[in-house]
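Now for the letters of each chain:
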Amino acid sequence: LKHTSPYGASTRYTVSRPASFERNVPTPLLLAFHHWGGSENDAGALHAHGHDHGYVVVAPAGYSDSSKGNSWNGAGTTGSPGALGKTCYDPNQYFNFCYDTCGACADSCWWTTCDDSVGMVAALIDEVTHNHCIDLRRIYAHGWSNGGVFLYELAHDLRTAR
């Protein structure tokens, strides 16, 4: 990926094309976002389904720093405290999940990278649509756990909510 975050992080992704792929025929795209600590290699079943059912699958790895797992920044994962105080029950009170990219975390409810995950996905979409014939009206996203939470951020941010 030709995108580097403001903190200097880069990422990897896997891409698969359907068996029926034709270079000049617009094809649907599914973006697959892994769970906290996952990687670009966690979407094998989606790649196989896309191959058999006519859509391109792209599975990026979220940003990581230090010894923390790959993650997606969005939908409050680094936004505590909120107007009403902590945004979580404080499950991390005994662990330090504060990523280096966050600097000093406000409380223990911060549990993902502070890198611009949406900016990375916007660059990824640009790169994939430049290199493959993608039907821009049929770009879909799937996520599980942290990747599922991140979908709210993608839908809300004007850079990706096209």
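Read on for a plain summary of the structure.

Observations regarding the nonpolar core
Then step 1. If you look at the biggest cluster of nonpolar residues, it comprises 18 residues, and the most contacted ones within it are L29, L31, F33, V58, V121 and F150.
Then step 2. Of all the secondary-structure elements, those providing two or more residues to this core are β2 (27-33), β3 (56-60), α2 (117-131) and α3 (146-156).
Then step 3. In terms of residue count, the dominant contributor to this core is α2 (6 residues).
Then step 4. Once residues within four sequence positions are removed from consideration, L29 is found in contact with V56, V58, V128, I134, R138, I139 and Y140.

Quick look at the state of the cysteines
Then step 1. A complete count under the given rule lists 3 disulfides for this structure.
Then step 2. Residue C88 pairs covalently with C109 via a disulfide, S to S 2.0 Å. Judged by the torsion about the S-S bond (-85°), the C88/C109 disulfide is left-handed. One end of the pair, C88, is in the loop between β3 and α2; the other, C109, is in the loop between β3 and α2, and 21 residues separate them in sequence.
Then step 3. By relative accessible area, C88 is classed as partly exposed at 25%.
Then step 4. For C109, a relative accessible area of 2% translates into the label buried.

Description of the packing of aromatic side chains
Then step 1. For the coordinates displayed, the defined rule picks out 4 aromatic pairs.
Then step 2. With 5.4 Å between their ring centres and 75° between their planes, F33 and F150 make a pair best called edge-to-face. Of this pair, F33 sits in strand β2 while F150 sits in helix α3, and the two are 117 residues apart along the sequence. By the burial criterion, F33 is buried, and F150 matches it.
Then step 3. With a centroid separation of 5.5 Å and 90° between ring planes, the pair formed by W36 and F97 is classed as edge-to-face. Here W36 is found in the loop between β2 and α1 (44-53), whereas its partner F97 is found in the loop between β3 and α2, with 61 residues between them in sequence.
Then step 4. For W36, a relative accessible area of 30% puts it in the partly exposed group.
Then step 5. Among the aromatic residues, ring-to-ring pairing joins F33, W72 and F150 into one connected group.

Calculation criteria
Residues numbered from 1 in each chain as written. Predicted model: local features only at pLDDT ≥ 70, side-chain atom pairs only at ≥ 80, totals over all residues. Heavy atoms only, no water. Core = buried A, V, L, I, M, F, W, Y, C linked by side-chain atoms within 4.5 Å. Buried < 20%, exposed > 50% of the residue type's maximum accessible area, 1.4 Å probe, protein only. Helix = DSSP H or I, 4+ residues; strand = E, 2+ residues; numbered from the N terminus. Contact = heavy atoms within 4.5 Å. Disulfide = S-S within 2.5 Å. Phe/Tyr/Trp six-rings, centres within 6.5 Å; stacked < 30°, edge-to-face > 60°.

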